[in-house]
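Fold and contact review
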Amino acid sequence: HKYLTDTSRIAPVFRRKTLEETCKSIYDFVYNHIQYKLDKRGLEQLRRPARSWAERRTGVDCDCMSIFASSILTNLQIPHSFRITRYSADTWQHVYVIVPLEDSQRYCVIDAVVSKFNYEKPYSDKMDYTMNLQGINVAVLSGVSGNDHFDAVMATSLTGSDLGDTTPQQDLDKLYQNMVATRNAVAQNPRLVSTVDDPQALLKM
């Protein structure tokens, strides 16, 4: 939402008589004007729409194409979701936009990586994240004083300049406690992260 102005002036150009036609006009634009290119291995790059447009000839990844389409849809006040999918690997591999149609039984697929509008490659697993047109819901979680999770996550003994007078081993111990506390919290309540990540994949990681 911080960068919605990147597409605010161009968004009305894509509106058509029907929602499906509007989705197709967005797909056609992204597919025909923005080159697809995988990000560097091990480096996930999320570009604002203006950056994607600036790099349209050298290419951007599927997530940047999805952000671009989502920005236009948000400016048009059209509800939509990000669909994250995997096919044969253990990790999530692809992301694109889906737009529920009026009958709510069908949806439009905006995936400019494929050469056909409204086509969805069969997947082995998916995770949908519905975009809030008023902004992304962010849950701020804090520890409770006197709780083991609080001590681990907040690392209360790491004080002073540059973590204070701690040894490298103490620093590693606190980082480890932080990771264990996070893993235990997710294991006890997967819903804490289910809207933004796959709990089981996160636990495995």
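The structure displayed is predicted, hence computed values, not measured ones. (Residues numbered from 1 in each chain as written. Predicted model: local features only at pLDDT ≥ 70, side-chain atom pairs only at ≥ 80, totals over all residues. Heavy atoms only, no water.)

**Some points on the overall build of the protein**
Secondary structure summary: the protein contains 7 helices and 4 strands in total. The secondary structure elements of the protein, listed N-terminal to C-terminal, are α-α-α-α-β-β-β-β-α-α-α. Contacts in the protein between residues far apart in sequence, at least 24 positions, make up 54% of those at least 6 positions apart. In the form shown here, the protein has an accessible surface area of approximately 13300 Å², with 53% of it arising from carbon and sulfur atoms. (Helix = DSSP H or I, 4+ residues; strand = E, 2+ residues; numbered from the N terminus. Contact = heavy atoms within 4.5 Å. Areas by Shrake-Rupley, 256 points an atom, 1.4 Å probe, with all protein chains shown as cover.)

**Here we look at unusual backbone geometry**
In this structure, glutamine 77 takes a positive phi of about 60 degrees despite not being glycine. With respect to the element layout, glutamine 77 can be found in the loop between α4 (62–75) and β1 (81–86). Even without being a glycine, asparagine 118 presents a positive backbone phi close to 65 degrees. Tracing the chain through its elements places asparagine 118 in the loop between β3 (107–110) and β4 (125–130).

**Quick notes on the nonpolar core**
Grouped together as the largest cluster of nonpolar side chains are 30 residues, with contacts concentrated most on Ile26, Val99 and Ile110. At the level of secondary structure, the elements contributing two or more residues to this core comprise α2 (19–33), α4, β2 (94–100) and β3. With 7 residues, α4 is the single largest residue contributor to this core. In this structure, isoleucine 110 is in contact with Cys23, Ile26, Tyr27, Ala69, Leu73, Tyr96, Val97 and Val99, ignoring residues within four places of it in sequence. (Core = buried A, V, L, I, M, F, W, Y, C linked by side-chain atoms within 4.5 Å. Buried < 20%, exposed > 50% of the residue type's maximum accessible area, 1.4 Å probe, protein only.)

**Some thoughts on the sheet that holds β1**
One open sheet holds the 4 strands; their spatial order is β3-β2-β1-β4, and the pairing between them is antiparallel. The sheet is open, and its two edges are formed by β3 and β4, each paired on a single side. When the angles between neighbouring strand axes are averaged without regard to direction, this sheet yields 30 degrees. Judged from the 4 bridges that link them, β2 and β3 form a sheet pairing that is antiparallel. Within β3, the residue paired with proline 100 across the bridge is tyrosine 107. (Pairing = 2+ DSSP bridges. Axes fitted to C-alpha atoms, helices over the stretch in contact; angles between N-to-C directions.)

**What to know about the layout of surface pockets**
If you add up the space inside the largest pocket, you get close to 1700 Å³. For the lining of the largest pocket, the elements supplying multiple residues, two or more each, are α4, β1, β2, β4 and α7 (199–204). Ranked by residues supplied to the lining of the largest pocket, first place goes to α4 with 7 residues. For the lining of the largest pocket, the per-class residue count stands at 24 nonpolar, 10 polar and 13 charged. (1 Å grid on protein atoms, 1.4 Å probe; cavity = no way out; pocket = protein on both sides within 12 Å on 5 of 7 lines; lining within 4 Å. Points joined across faces, edges and corners; volume = space filled by probe spheres on them. Nonpolar A, V, L, I, M, F, W, Y, C, P; charged D, E, K, R; others polar.)

**Points about the pairing of β1**
One face of the sheet, then the other: side chains in a regular strand alternate in exactly this way. Within β1, 5 of the 6 residues are buried, leaving the element largely enclosed by the surrounding structure. As judged from the 5 bridges shared by β1 and β2, these two strands associate in the antiparallel manner. Each bridged residue has a counterpart across the sheet, and for arginine 83 the counterpart in β2 is tyrosine 96.

**Here we look at the packing of α2 against α4**
Where α2 meets α4, the axes come as close as 11 Å, and the angle between the chain directions of the two elements is 145 degrees. Relative to α4, the crossing made by α2 is right-handed. Contacts between α2 and α4 involve Ile26, Phe29 and Val30 on the former and, on the latter, Met65, Phe68, Ala69, Ile72 and Leu73. Of the residues contributing to the contact of α2 with α4, the split by class is 8 nonpolar, no polar and no charged. (Left-handed = near helix turned anticlockwise from the far one by under 90°.)

**Considerations on empty space enclosed by the protein**
With the rule as written, the count across this model stands at 1 cavity of 30 Å³ or more. Quantified by volume, the largest cavity comes out at close to 60 Å³. The wall of the largest cavity is formed by Val30, Cys62, Met65, Ser66, Ala69, Val95, Tyr96, Ile110, Asp111, Ala112 and Val113. Secondary-structure elements contributing two or more residues to the lining of the largest cavity are α4 and β2. It is α4 that provides the largest number of residues to the lining of the largest cavity, a total of 4 residues.

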